[in-house]
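# Inside the fold
What follows is each chain in one-letter form.
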Protein chains: 4
Amino acid sequence: MRATTSSTRRRGRPRKIAGPDDILAAALRVFAATGYSRARLEDVAREAGISKAALYLYFDGKQAIFEALVRSAVVPNVERLEALVAGWQGNSADLLRNLIQAIGRLVIESELSAFPKLIVAEAANFPDLAQFYRTQVIERVLGVLASIVSRGVASGEFRPADPALSARLVIAPLLFSTLWKTCFVRDDEPRFDPAPLLSLHVETLIRGLA
Amino acid sequence: MRATTSSTRRRGRPRKIAGPDDILAAALRVFAATGYSRARLEDVAREAGISKAALYLYFDGKQAIFEALVRSAVVPNVERLEALVAGWQGNSADLLRNLIQAIGRLVIESELSAFPKLIVAEAANFPDLAQFYRTQVIERVLGVLASIVSRGVASGEFRPADPALSARLVIAPLLFSTLWKTCFVRDDEPRFDPAPLLSLHVETLIRGLA
Amino acid sequence: MRATTSSTRRRGRPRKIAGPDDILAAALRVFAATGYSRARLEDVAREAGISKAALYLYFDGKQAIFEALVRSAVVPNVERLEALVAGWQGNSADLLRNLIQAIGRLVIESELSAFPKLIVAEAANFPDLAQFYRTQVIERVLGVLASIVSRGVASGEFRPADPALSARLVIAPLLFSTLWKTCFVRDDEPRFDPAPLLSLHVETLIRGLA
Amino acid sequence: MRATTSSTRRRGRPRKIAGPDDILAAALRVFAATGYSRARLEDVAREAGISKAALYLYFDGKQAIFEALVRSAVVPNVERLEALVAGWQGNSADLLRNLIQAIGRLVIESELSAFPKLIVAEAANFPDLAQFYRTQVIERVLGVLASIVSRGVASGEFRPADPALSARLVIAPLLFSTLWKTCFVRDDEPRFDPAPLLSLHVETLIRGLA
DNA sequence: CATGAATGAGCCTTCATTCAT
DNA sequence: TATGAATGAAGGCTCATTCAT
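Notes on the structure in this doc start here. These numbers were taken from a predicted model, which means no experiment stands behind them.

## Section: the environment of Ile 119 of chain C
You can see Ile 119 of chain C is positioned in helix α6 (residues 114-122). C-alpha of Ile 119 of chain C to C-alpha of Leu 129 of chain C: the two residues are 10 residues apart in sequence and 8.3 Å apart in space. Excluding anything up to four places from it in sequence, Ile 119 of chain C contacts Val 70 and Tyr 133 of chain C together with Phe 184 of chain D.

## Details of the interface of chain D and chain C
Contacts between chain D and chain C engage 46 residues on the former and 47 residues on the latter. Counting across the interface, chain D meets chain C through 2 salt bridges. Arg 134 of chain D serves as the salt-bridge partner of Glu 189 of chain C, at 2.5 Å between the closest nitrogen and oxygen. Inspection of the region where chain D meets chain C yields 13 residue pairs in polar contact (both at pLDDT 80 or more). Among the elements of the structure, α1 (20-38), α6 (114-122), α7 (127-155), α8 (163-184) and α9 (195-209) of chain D are those that each provide at least two residues to the side of chain D that touches chain C. The element that contributes the greatest number of residues to the side of chain D that touches chain C is α8 of chain D, accounting for 13 residues.

## Points about the packing of aromatic side chains
Taken as a whole, this structure holds 32 aromatic pairs over all chains when the rule is applied. With a centroid separation of 5.5 Å and an interplanar angle of 45 degrees, the aromatic rings of Phe 31 of chain A and Tyr 36 of chain A are classed as tilted. Taking relative accessible area as the criterion, Phe 31 of chain A reaches 0% and is therefore assigned buried. A relative accessible area of 7% places Tyr 36 of chain A in the buried class. Taking 4.9 Å as the distance between ring centres and 85 degrees as the angle between the ring planes, the aromatic pair formed by Tyr 36 of chain D and Phe 126 of chain D counts as edge-to-face. Remark: Phe 126 of chain D occurs in the loop between α6 and α7 and Tyr 36 of chain D occurs in helix α1; sequence separation between them is 90 residues. A network of ring pairs unites the aromatic residues Phe 31, Tyr 36, Phe 66 and Phe 126 of chain A as a single cluster.

## Examining the pattern of salt bridges
Residue and element names in this part refer to chain B. Applying the stated criterion to the full structure yields 46 salt bridges over all chains. Here Glu 79 ties to Arg 140 by a salt bridge, and the two come within 4.0 Å at their closest N and O atoms. Taken together, the positions of Glu 79 in helix α4 (residues 62-86) and Arg 140 in helix α7 (residues 127-154) put the pair 61 residues apart, joining distant regions of the chain. Arg 97 serves as the salt-bridge partner of Glu 203, at 2.9 Å between the closest nitrogen and oxygen.

## What about the protein's contact with DNA strand E?
Near DNA strand E lie 33 residues; those nearest to it are Ser 51, Ala 53 and Tyr 58 of chain B, Tyr 58 of chain C together with Arg 40 of chain D. Within 4 Å of the protein, atoms of DNA strand E come from sugar and phosphate in 60% of cases. Lys 52 of chain A has a polar side-chain atom sitting 3.1 Å from a base oxygen of DNA strand E. Taken together, the elements giving at least two residues each to the surface near DNA strand E come down to α3 (52-58) of chain A, α3 (52-58) of chain B, α3 (52-58) of chain C together with α3 (52-58) of chain D. Per-element accounting of the surface near DNA strand E gives the leading share, 5 residues, to α3 of chain C. Partitioned by chemical class, the residues of the surface near DNA strand E number 21 nonpolar, 4 polar and 8 charged.

Calculation criteria
Residues numbered from 1 in each chain as written. Chains lettered and ligands numbered in written order. Predicted model: local features only at pLDDT ≥ 70, side-chain atom pairs only at ≥ 80, totals over all residues. Heavy atoms only, no water. Helix = DSSP H or I, 4+ residues; strand = E, 2+ residues; numbered from the N terminus. Contact = heavy atoms within 4.5 Å. Salt bridge = Lys/Arg side-chain N within 4 Å of Asp/Glu carboxyl O. Polar contact = N/O pair within 3.5 Å; in protein donor to acceptor, adjacent residues only side chain to side chain. Phe/Tyr/Trp six-rings, centres within 6.5 Å; stacked < 30°, edge-to-face > 60°. Buried < 20%, exposed > 50% of the residue type's maximum accessible area, 1.4 Å probe, protein only. Near = heavy atom within 4 Å. Nonpolar A, V, L, I, M, F, W, Y, C, P; charged D, E, K, R; others polar.

Here it is in structure tokens:
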């Protein structure tokens, strides 16, 4: 891999020409639209406003672009979630409510909603990437959630329950929602609103854990 | 589409040559391994023990094979679930326990576990198929689950809750488990066992709904 | 080549099953419709009411069918033309008029109108067949026509002119007409009527030769 | 269709690499040799000195190459004929003599002699192209010829005769000659010389029309 | 005689990747 | 740094031909 996301060469001037970040942004759009295999580098290039060959100035190829995309776009958000939890003062149930909303905004409503679909689709073809995503994204998020459950159990808010497993119960409906939105909602349908489902989820879960 | 799954011409003799069913079985294996796009028809043919050209005796092409696979392999199991619910005598909580176990066996432990990944991966490329899967599989399963919730609410077992949304909460951890198993579990890891998660899920859910 | 046109096995019973003649008739229709290369043996078989494999009971393959078709369908008509001329009693101009009409009926209005197009299209791929057609069809017809011109010159009806070349002038408009009909007349146009052109042709020609 | 024949980007330097024009020239040779269906794009590419894939930089596929070939190579010559007639000063008979010679050079002796065979062969498979050829080539040439006949009739050189039909009589021997040359003349024969036939044709025709 | 089933060879087309400029 | 041009490799699909029954 030749490039990191942090573009190395801005000199204060307003950027005109496309750098690695623009390429990754373009790649996200194109990959999200058709999946990795059917995505054509030509489209990524056009979307980024550069030539196909120029992609190779920044990345080693299609696969490298995909990997860089995943590595760069997701981890910062995980860190943000970890920070949110680390700084939390209130009770565990409220934290859980907050976190589920936060993850929901990220994974269902933002541009990042394309990732779960993409990762799932290409996991078999990119084992390394899948493991990266598992350890750096999924397991870290699960870890955060498990810590909340642990805290709630310790404080007596929740009944004793395996925190690792409970964490999985927390994110499952979020995964469901994002895949539902990115795979099954037709264009002619009213915009998918995950809020009611997430509300019911968090309340049922808190009640179930209580 | 040229072929239905039920081959019409067996005469009691043990079939040696590969028919549509064998092709679909082979296709399931190959598609599950690499995804639709990277799957090569040549591999499907070899796996089925026939020539590439012979595939075209039964199906109109790669896409048709994929569609036939989805259409033929999943719906019967949906019907089995519907039948299970229709004939149920006991209380709703037990039915829910049973159903979750049944779906788990199907979608996590059987060969069918490849489908969620495949469908998710190819939804954008096969909108019709995605809609077929949504209406004929997902929504029917959700409908079954919603009816159970409704029944439980009516009988006083469960507190009032939107059945349609609740149904989504029921399957979400099942979806999570399948995708976890098919995408992220490494070969060198101990065999993935969904049972603990599903146990916790069903008990927490029932408690949350109570 | 394994079969001749004359079917060998009729025993007086009304024929039900398709023999070589039926195959050639079917082949003529199919070849005429799409040309040799795009014609599929499967269509020939269906058109003949037999299986694809059965074609090989009578012919050695696609090429052989095409060759048999050409060899069988055209030569008899050449012989008929030769007979017409051999038995002619009247003057040369009338004979020419008659012959042009006769050839016109054959080559423009009958099923045989497909041949010129087919032969022209495939001449490069079937050099032997092209030579066969040249010597057994074209040159024999040219010979007949040349003999008429010779006779007319000898009798003083026509001015001295190279009979071989003149013969080519005689058939050229017939070739034009058949190709026009089989290649350029659209289906939505009124049926192509070659009569006016042929009338003008023969009168102009006779006047030109006089 | 993606390319026009007139390449837009020469900068005075001697062109080394093959452009659309070279491809069409190569395609003409290959198609002329084996006909459209049997022609392999690989041969066209090799003949043009480029790779198979490079063909797709300029054309959308085999069919597009064929269509571009027909559209680009023939029409300009039709326009040249029309100009010849428009500027003619002498009598109609001489014009006719000149025009037949000109068409003969084009259609029998130049590289274009392959077109009639090709068009005839593929008319059924390319109805649009056949109609294009009919309206843009054949009918325009026939129109030119008909105008000459009309002029001759008006001036009293020719007896009254349907100009449209007469025009067909004019080109018929030219068509015959081309097809004879491209389909039936063997390589081991002396070079086909159309001159005697065309001489006889034009003199006989003029005499017949007089 | 007849066929359903099967196949091998061939070709068009796509696209990630390279390279001279 | 940037690109237009070019390509090699790969895969889906077709169809004439064969063969066991």
